Amino acid sequence: MNKLLCWALLALVSGCTGEVWRADSRFTTEERAAIDQAAEAWEAVGHPILVAHGHHVTGLESTRRYIVKTTRRAVGGIHQPLQDSGAAGKHVVEPGREMILLVMDQMKGGTPLWQIIAHEMGHSLDMNHVDDERAIMYHSGSRNSLRCITSVDIQEMCRAQGCESVPKGCDE
């Protein structure tokens, strides 16, 4: 069984559900793998993000975190600015809930899905955009040639979250 799924189940059983992201049941096997890869990238640098797959997310409850699969047409009912922007992903915080919206028909093919998800997960860690185009938190949808969390991402993570010890990025 997937290690992240085990942690998510443990968190659900223990009542510690605030940190678990509930992923839409409509994601394909490949898309679920991309979500797991993004979560594992943050875990590798000391910030585990727990994901529980297979949730029905049409009636989004409050006080929950969701990773939602949507389309450009449907996203207007959830978050109109995202529909207007043409972006493939967005981290949205609303009163009582937090969402990562993935607009599947706006994926441009240049940036791997796991990197888009990892970028939006970074925003959930209160991270801002950075200027290094190799970094996951780069402000534009460019392909991250290193395919991992860089030292620039880690500097931003430590600024946002604080770090007892600073993990190494893949570029060090």
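Scroll up a little and you will see the structure.
Conventions we followed
Residues numbered from 1 in each chain as written. Predicted model: local features only at pLDDT ≥ 70, side-chain atom pairs only at ≥ 80, totals over all residues. Heavy atoms only, no water. Core = buried A, V, L, I, M, F, W, Y, C linked by side-chain atoms within 4.5 Å. Buried < 20%, exposed > 50% of the residue type's maximum accessible area, 1.4 Å probe, protein only. Helix = DSSP H or I, 4+ residues; strand = E, 2+ residues; numbered from the N terminus. Contact = heavy atoms within 4.5 Å. Pairing = 2+ DSSP bridges. Axes fitted to C-alpha atoms, helices over the stretch in contact; angles between N-to-C directions. Salt bridge = Lys/Arg side-chain N within 4 Å of Asp/Glu carboxyl O. Disulfide = S-S within 2.5 Å. Polar contact = N/O pair within 3.5 Å; in protein donor to acceptor, adjacent residues only side chain to side chain.

## Concerning the nonpolar core
Counting residues in hydrophobic clusters, the biggest one holds 32 residues, and the most contacted among them are I35, W42, V51, I67, I117 and M121. Elements that contribute at least two residues to this core include exactly β1 (20-24), α2 (29-44), β5 (97-103), α5 (113-124) and α6 (151-161). Once you skip the residues sitting within four places of it in the chain, I117 turns out to touch A34, I35, A38 and L102. One finds V68, M99, L101 and V103 within the second-largest nonpolar core, a separate group that totals seven residues.

## Regarding the sheet that holds β5
The mixed open sheet is built from five strands, whose spatial order is β2-β1-β3-β5-β4. Each having just a single partner strand, β2 (50-55) and β4 (89-94) make up the two edges of the open sheet. The average undirected angle you get between the axes of adjacent strands in this sheet is 25°. Bridge count between β1 and strand β3 (residues 64-70): three bridges; the pairing is parallel.

## Observations concerning the pattern of salt bridges
Applying the stated rule across the entire model yields six salt bridges. R134 serves as the salt-bridge partner of D171, at 3.7 Å between the closest nitrogen and oxygen. Here the residue D171 occupies a position in the segment after α6, and R134 occupies one in the loop between α5 and α6, the gap between them amounting to 37 residues. On the basis of relative accessible area, D171 is assigned to the partly exposed category, the value being 26%. Overall, R134 belongs to the partly exposed group, its relative accessible area being 34%. In this structure, R159 and E156 form a salt bridge, with 2.5 Å as the shortest nitrogen-oxygen distance.

## Some thoughts on the state of the cysteines
The tally for this structure, following the rule as stated, stands at one disulfide. Paired through a disulfide, C158 and C163 show a sulfur-sulfur distance of 2.0 Å. When the S-S torsion is -95°, as for the bridge of C158 with C163, the disulfide is left-handed.

## A word on the side chain of R22
With respect to the helices and strands, the residue R22 is situated in strand β1. A polar atom in the side chain of R22 sits 3.1 Å from the backbone oxygen of V20.

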